[in-house]
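Next come the chains, spelled out residue by residue.
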Amino acid sequence: MKLTDQYLRMADLANQSERIAKIYTTQSGQQRTVSAKNATRGIVGFSAKHIYHLISQNQFPAPIKIGRASLWLLSDINGWIDSHAAISNDEVTV
């Protein structure tokens, strides 16, 4: 592994939908707030579910498991994007 490689999490790869802030009360009477989150577009532009589907079909790089975390090398993702860009370019020129 090169030192310039970075690890990415699913949150970096997949699209994330918007989440509205919620306030709720626990059984003990404490108020809890789940903070809001803006929608984000991931590197590949797919949902997490679709990425895992592609992995099961061997069409996307499998994650590296470190403990419970699933991580991807940035170089693997860039290679996957480049290979699909090359396929798209070939289809356009044919």
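Summarised in this report is the structure supplied together with it. (Residues numbered from 1 in each chain as written. Predicted model: local features only at pLDDT ≥ 70, side-chain atom pairs only at ≥ 80, totals over all residues. Heavy atoms only, no water.)

## Description of a nonpolar patch on the surface
On the surface, Y7, I64 and I66 cluster together to form a nonpolar patch covering roughly 250 Å² of accessible area. Topologically, I64 is positioned in strand β4 (residues 64-66). Classification of I64 by relative accessible area gives partly exposed; the value is 32%. (Patch = residues over 30% accessible without salt bridge, like charges linked within 9 Å, V, L, I, M, F, W, Y side chains within 5 Å. Areas by Shrake-Rupley, 256 points an atom, 1.4 Å probe, with all protein chains shown as cover. Salt bridge = Lys/Arg side-chain N within 4 Å of Asp/Glu carboxyl O. Helix = DSSP H or I, 4+ residues; strand = E, 2+ residues; numbered from the N terminus. Buried < 20%, exposed > 50% of the residue type's maximum accessible area, 1.4 Å probe, protein only.)

## Re the packing of aromatic side chains
Here the structure, examined in full by the defined rule, presents three aromatic pairs. Centre to centre, the rings of Y52 and W72 are 6.4 Å apart; their planes meet at 55°, and the pair counts as tilted. Here W72 lies in strand β5 (residues 69-73) and Y52 lies in helix α2 (residues 48-56), a separation of 20 residues in the sequence. A relative accessible area of 1% means that W72 is categorised as buried. With a centroid separation of 4.8 Å and an interplanar angle of 65°, the aromatic rings of F60 and W80 are classed as edge-to-face. With F60 in the loop between α2 and β4 and W80 in helix α3 (residues 74-93), the pair connects residues that are 20 residues apart, well separated along the chain. The pair F60 / W80 is uniform in exposure class, with both members buried. (Phe/Tyr/Trp six-rings, centres within 6.5 Å; stacked < 30°, edge-to-face > 60°.)

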